[in-house]
Amino acid sequence: MNAESITLTKKARLDSKNKETKITLPVTGMTCAACAVSVESMLKSQEGVADAGVNFANQTAWVDYIPSQTSLPKLQQAIQSIGYDLIIDEENAVEKQQEAQLNHYQELKRKTIWAGILSAPVVAIGMFGMEVPYANWIMLILSLPVLWIGRNFYINARKQAKHGKANMDTLVAMSTGIAFLFSLFNTLNPNFFHERGLHAHVYYEAAIMIIAFILLGKLLEERAKSNTSSAMKKLMGLQPKTVRLIEDGVEKEIPIAQVSIGNILVVKPGEKIPVDGKVTSGSSYVDESMISGEPLPMEKQAGAQVFAGTVNQKGSFRFEAEKVGGDTILSQIIKMVQQAQGSKAPVEKLVNKVTAIFVPVVIGIALLSAVVWMIFGGDNAFTHALLAFVTVMVIACPCALGLATPTAIMVGVGKGAENNILIKDAESLELGYKVNAIVLDKTGTITEGKPEVTDELWFTKESDKMQNRSILLEIESRSEHPLAEAVVRKLRGEQTQAINLSSFESLTGKGVKASYDNEIYLVGNQKLLADNHVSVSEAVTAQAKSLQAEAKTVIYFASGKEVVAILAIADRIKATSKQAVQTLQNQGIDVYMLTGDNEQTAKAVAIQVGLQHYKAEVLPSEKAEFIKQLQNQGKVVAMVGDGINDSHALAEADVSIAMGKGSDIAMDVAKMTLITSDLNQIPKALKLSRKTVQAIRQNLFWAFIYNIIGIPIAAGVLYPFFGFLLDPMIAGAAMALSSVSVVSNSLRLRSAKL
């Protein structure tokens, strides 16, 4: 049984006993990708843990565990036993992790500076001043503080060894430790090798410069990694730390964590809205661009919804808290980005497997090269064997491999968030560039998702028009028909007269009948007109048929026995839909539209946006079946939808994309969410996927090439041909540079144009 089968079996067994809890926690103390593998395997081995994963790039671990069988403190103790730590204070976890990372960075900076200062004279003496009196003793005295500065390498290596594990600290500890002990022996016993015809070399400069270079590499790496999470910090910065609470008529300031549902809060001009809620009094304009992408502020009056992280403009208002803590839209956005940055792409899972066996293999190669040198090294066999062992251990580092994928994913997710594209997991980001078929839902995706009056034709005198509009508005205001809302929205903003209807009657399936000033008024369909013997002229009939041919619903407004107006209502096509469809088709992607609407409407929408493939009157299950058919044809399918009826199809697709103004269920199921509901974001998302995958491939190429070339050179394969041996000090610098180059290449994504 393979490891994956064991994990699934274990998970199934745990499911039957108790309910699992999944939590994401910050991890501190990880210094390389092999560290992440160690933490992950330790978590997975704990009783009560169904599954776990660790992301080195954003220093987090997710754990699926059963609270009745284990606890967070127990898991923390297990991780502490191998030299790392879990931050289990959920409420302040992010702040504590940021504080720990800042302290770690500052400490690393101090260590690097002192290691560099102390190493410089040792290198100078080792390279140019070996004739200086007591040179070896001077280098020994200066080296000891550097070894103390790098003591964590040895402490962590010992903890790893206790559990039968190895990581980069193991490589560094073994290489520098052996180099230092060999040098110390030669300093204390200078005649030992001389008596055997060999020169007693010391390698203090190599040992401490390896530590100094690795510390410098880690410093640059930490700085680069902090840049990859800048989008996350910006999102978190949208939420204020305190709020103004109204309690018993008194305003007081409290921490945001103390806000409860039902609290009345006040927001003043220029302040950020702390939680989601509904305005109870006052009015203002709110900048909601972080959610909607629209640059114009939205008017807010009593009854209007407001969202956490949006910015109040000029007015002041009170609102009732409806969603707090992790339930707000802003918190959900932050959570989605965090999950995506911490998720593993399929290629990363392969890299992690490579990383797990990398260190033991490197130790094996180092030992083998030492043995070969001992056998064939001639007069200086032992010295060359020692140098080869040390250099191989130093130059080989799994960090470049381990950072290749997660750093690119983190930057890619952050770039997506900046462009209103929320990416839930790394797999969809990696698969996106392969998409060659996109299935679009109609309502709410291609169209606005709500009916609007598109045409208004009047067949009455201009002098009578205002009163008739007022009567129509009053009738439709009383109507419960869904389409009546569209008429009310259309007419409400226009100047109208106050109307008091003397009677009002709703006629199911036909429309409504009302009377005003002894006149009968009808609003509805043709059947309503026929039942009331209203004549419809040929001109009106022609106009109505023309509108119906465009898949619009026609409403008749009659006064007495004649039609005075017809209104056409339709779900308006988004302004950007046609351009987005054309862009996708120009990229060689097949675009399909599926809708539960009738054939006539579907055809009209397809023609207007330039779609060649569409299906009407499709049930939710049929949407999912259609996606399966495309997949069976070898296509990589993306599904774009906004409603609960799209959730099955979204789950079936290779890449699932939800519209940000759609249902919560659709957004939960989908792996990507377009906050602005603009279909032009889809080509951007696919382009982001392509650029991210390019960065991952470039990173992996250079990381593999670096190790493939560097390890044999460090072992001494060039010596028989060119007499060249790689200095351990240069190997340490090259190793540090490899990690920095991988992270730097990932950061180039931040400036990419989508």
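Residues numbered from 1 in each chain as written. Predicted model: local features only at pLDDT ≥ 70, side-chain atom pairs only at ≥ 80, totals over all residues. Heavy atoms only, no water.

1. Regarding the overall build of the chain
Next, step 1: The helix and strand inventory of the chain stands at 29 helices and 26 strands.
Next, step 2: Going through the 754 residues of the chain one by one, you find that 52% of them count as buried.
Next, step 3: Nonlocal contacts in the chain, meaning residues at least 24 apart in sequence, comprise 69% of its contacts between residues at least 6 apart. (Helix = DSSP H or I, 4+ residues; strand = E, 2+ residues; numbered from the N terminus. Buried < 20%, exposed > 50% of the residue type's maximum accessible area, 1.4 Å probe, protein only. Contact = heavy atoms within 4.5 Å.)

2. Focus: the nonpolar core
Next, step 1: Core analysis: the largest hydrophobic core is formed by 47 residues, its most contacted members being Ile438, Leu440, Ile446, Leu611, Val640, Leu679 and Ile682.
Next, step 2: Top element by residues in this core is helix H27 (residues 681–715). It accounts for seven residues.
Next, step 3: Looking at which domains feed residues into this core, each of domain 4 (328–419 + 685–753) and domain 5 (420–447 + 573–684) supplies at least three.
Next, step 4: Counting residues in hydrophobic clusters, the runner-up holds 34 residues, among them Leu118, Met139, Ile149 and Ile214. (Core = buried A, V, L, I, M, F, W, Y, C linked by side-chain atoms within 4.5 Å. Domains from an automatic or database assignment.)

3. A look at the packing of aromatic side chains
Next, step 1: Overall, the coordinates contain six aromatic pairs when judged by the stated rule.
Next, step 2: Between Arg151 and the ring centre of Trp148, over which it is positioned, the NZ or CZ distance is 4.3 Å. (Phe/Tyr/Trp six-rings, centres within 6.5 Å; stacked < 30°, edge-to-face > 60°. Lys NZ or Arg CZ within 6 Å of the ring centre and 35° of its normal.)

4. A short note on unusual backbone geometry
With the exception of glycine, most residues fall at negative phi, and the peptide bonds are largely trans.
Next, step 1: Phi at Asn518 is positive, roughly 65°, even though this residue is not glycine.
Next, step 2: Topologically, Asn518 is positioned in the loop between strand S18 (511–516) and strand S19 (519–524).
Next, step 3: Even without glycine at this site, Glu617 takes up a positive phi of about 50°.
Next, step 4: Residue placement: Glu617 occurs in the loop between strand S23 (613–615) and helix H24 (620–632).

5. Let's talk about the pairing of strand S9 (residues 284–287)
Next, step 1: Here S9 shows one buried face, formed by Ser284 and Val286, and one open face, formed by Tyr285 and Asp287.
Next, step 2: Note: S9 against strand S10 (residues 298–300), three bridges, orientation antiparallel. If you follow Tyr285 over to S10, its bridge partner there is Glu299.
Next, step 3: Two elements, S9 and strand S12 (residues 311–312), share two bridges in a ladder whose sense is antiparallel. Its bridge partner being in S12, Asp287 is matched across the sheet by Val311. (Pairing = 2+ DSSP bridges.)

6. Some thoughts on the sheet that holds strand S11 (residues 305–306)
Next, step 1: The sheet built from six strands is open, its strands ordered S6-S5-S7-S13-S8-S11 with antiparallel pairing. Taken across any chain shown, the strands that pair with only one partner, and hence form the sheet edges, are strand S6 (250–255) and S11.
Next, step 2: Pairing between strand S8 (residues 276–282) and strand S13 (residues 317–323): six bridges, direction antiparallel. Counterpart to Lys278 in the pairing with S13 is Glu320.

7. Considering the UniProt feature "transmembrane region" (unreviewed entry) in the chain
Next, step 1: Per the UniProt annotation, the sites labelled "transmembrane region" (unreviewed entry) are residues 112–128, 134–154, 166–188, 200–220, 354–376, 382–405 and 700–722.
Next, step 2: Taken end to end, residues 112–128 has its terminal C-alpha atoms 24 Å apart, with 100% of it in helix and 0% in strand.
Next, step 3: Overall, residues 700–722 shows 87% helix and 0% strand. The separation of its end C-alpha atoms is 30 Å. (UniProt positions renumbered as here; feature names shortened; annotations may be inferred.)

8. Remarks on the environment of Val605
Next, step 1: For Val605, the location among the structural elements is in helix H23 (residues 599–609).
Next, step 2: Along the sequence, Val605 and Glu550 sit 55 residues apart, while their C-alpha atoms lie 8.4 Å from each other.
Next, step 3: In contact with Val605, not counting residues within four places along its chain, are Lys442, Ile446, Ile573 and Met593.

9. Concerning the sheet that holds S23
Next, step 1: Judged by pairing direction, the sheet is mixed, and its seven strands sit side by side in the order S14-S26-S25-S24-S15-S22-S23 without closing on themselves. Because the sheet does not close on itself, it has two edges, and the strands there are strand S14 (421–423) and S23. If you compare each strand with its neighbour and ignore which way they point, the axes differ by 20° on average.
Next, step 2: As paired elements, strand S25 (residues 655–659) and strand S26 (residues 672–674) share three bridges and run parallel to each other. (Axes fitted to C-alpha atoms, helices over the stretch in contact; angles between N-to-C directions.)

10. Quick look at the environment of Lys574
Next, step 1: With respect to the helices and strands, Lys574 occurs in the loop between strand S21 (562–573) and helix H22 (577–586).
Next, step 2: On the basis of relative accessibility, which here comes to 9%, the residue Lys574 falls in the buried class.
Next, step 3: Residue contacts for Lys574: discarding those within four places in its chain leaves Gly444, Thr445, Ile446, Thr447, Glu448, Met659 and Ser677.
Next, step 4: Within the local environment of Lys574, its side chain forms a polar contact with the backbone oxygen of Thr445, the two atoms lying 3.0 Å apart. (Polar contact = N/O pair within 3.5 Å; in protein donor to acceptor, adjacent residues only side chain to side chain.)

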